[in-house]
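This is what each chain is made of:
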Amino acid sequence: MRRVAFALLLFAAFASCALRAADAPTLALRGLDGERAELTLVELAAMPREKVEVEQHGVRHVYEGPLLGDLLAKVGAPRGKDIRGPHMADVVLAEAKDGYKVALDLAGTDAATRSERVIVALAMDGAPLGEEAGPLRLVVEGDLRPARAARSLTTITLVRLR
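Student: I'd love a proper account of the overall build of the protein, names of residues and values included.
Tutor: Across its full length, the protein carries three helices and eleven strands. Along its sequence from the N terminus, the protein presents helices and strands in the succession α-β-β-α-β-β-α-β-β-β-β-β-β-β. Buried residues in the protein amount to 43% of all 162 residues. Considering only intrachain contacts with a sequence separation of at least 6, the fraction spanning at least 24 residues in the protein is 61%. About 8,900 Å² of surface is accessible on the protein, with carbon and sulfur atoms providing 53% of the total.

If you want it as structure tokens, here you go:
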């Protein structure tokens, strides 16, 4: 019920902006072997979510959104004990609307490797992200400064370093 209410809240927030369907924000996902997926905000809001509390610029915030690993699984990314061998050179490239890019190692985003979570946030402090920070933001739990908290996230690509 909580997921449905959150999805409806997000939908209402973006519908009120009078965006045409073609202009509605989405998150593009790209896998190693050419797999592709594009998720709408409503689809992202319907996924299981985690809450991550972080301090940014001296202020504590609680972000909420799906785990990055759950999103990457939609384009064939390995998880858990399957991240070994050549996958140890896999890198996640997160890109924002303004061209800002953040790289994370795949193993470092997985719960089987580290306890700190990485999410794609749809909400901060119980409300949808505003236009300046959203509608999607990468949040890396445990970072001492928010340099990897890419705002206005548009694309996540899995790349293998050779």
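Having seen it, we continue.
Student: Please provide a residue-by-residue account of the pairing of strand 11 (residues 153-160), values included.
Tutor: As paired elements, strand 1 (residues 26-30) and strand 11 share three bridges and run parallel to each other. Following the sheet pairing, Arg30 is matched in strand 11 by Thr157. As defined by bridge partners, strand 5 (residues 90-96) adjoins strand 11 across seven bridges and the pair is classed as antiparallel. From the neighbouring strand, Asp90 faces strand 11, where its bridge partner is Arg160.

Student: I'd like a description of the nonpolar core, backed by residues and values.
Tutor: With 29 residues, the main nonpolar core has Leu138 and Ile156 as its most contacted residues. Ignoring sequence-local partners within four residues, the contact set of Ile156 consists of Leu27, Ala28, Leu29, Arg30, Leu68, Leu71, Leu72, Val92, Leu93 and Val120. One finds Val54, Tyr63, Ile119 and Val139 within the second-largest nonpolar core, a separate group that totals seven residues.

Student: I'd like to hear about the pairing of strand 7 (residues 118-121), residue by residue, with values.
Tutor: The alternating pattern of strand 7 places Val118 and Val120 on one face and Ile119 and Ala121 on the opposite face, and all of these are buried. As defined by bridge partners, strand 7 adjoins strand 10 (residues 137-140) across four bridges and the pair is classed as antiparallel. Looking at the pairing, Ala121 lines up with Arg137 of strand 10.

Student: Quick rundown of unusual backbone geometry? Include the residues and the values.
Tutor: The peptide bond linking Gly134 to Pro135 adopts the cis configuration, its omega dihedral lying at 10°. One can find Pro135 in the loop between strand 9 (127-128) and strand 10. Even without a glycine there, the phi angle at His57 is positive, about 55°. With respect to the helices and strands, His57 occurs in the loop between strand 3 (50-56) and strand 4 (59-65). For His57, a relative accessible area of 73% puts it in the exposed group. A positive phi angle is found at Ser152, which is not glycine, with a value near 50°.

What counts, and at which threshold
- Residues numbered from 1 in each chain as written.
- Predicted model: local features only at pLDDT ≥ 70, side-chain atom pairs only at ≥ 80, totals over all residues.
- Heavy atoms only, no water.
- Helix = DSSP H or I, 4+ residues; strand = E, 2+ residues; numbered from the N terminus.
- Buried < 20%, exposed > 50% of the residue type's maximum accessible area, 1.4 Å probe, protein only.
- Contact = heavy atoms within 4.5 Å.
- Areas by Shrake-Rupley, 256 points an atom, 1.4 Å probe, with all protein chains shown as cover.
- Pairing = 2+ DSSP bridges.
- Core = buried A, V, L, I, M, F, W, Y, C linked by side-chain atoms within 4.5 Å.

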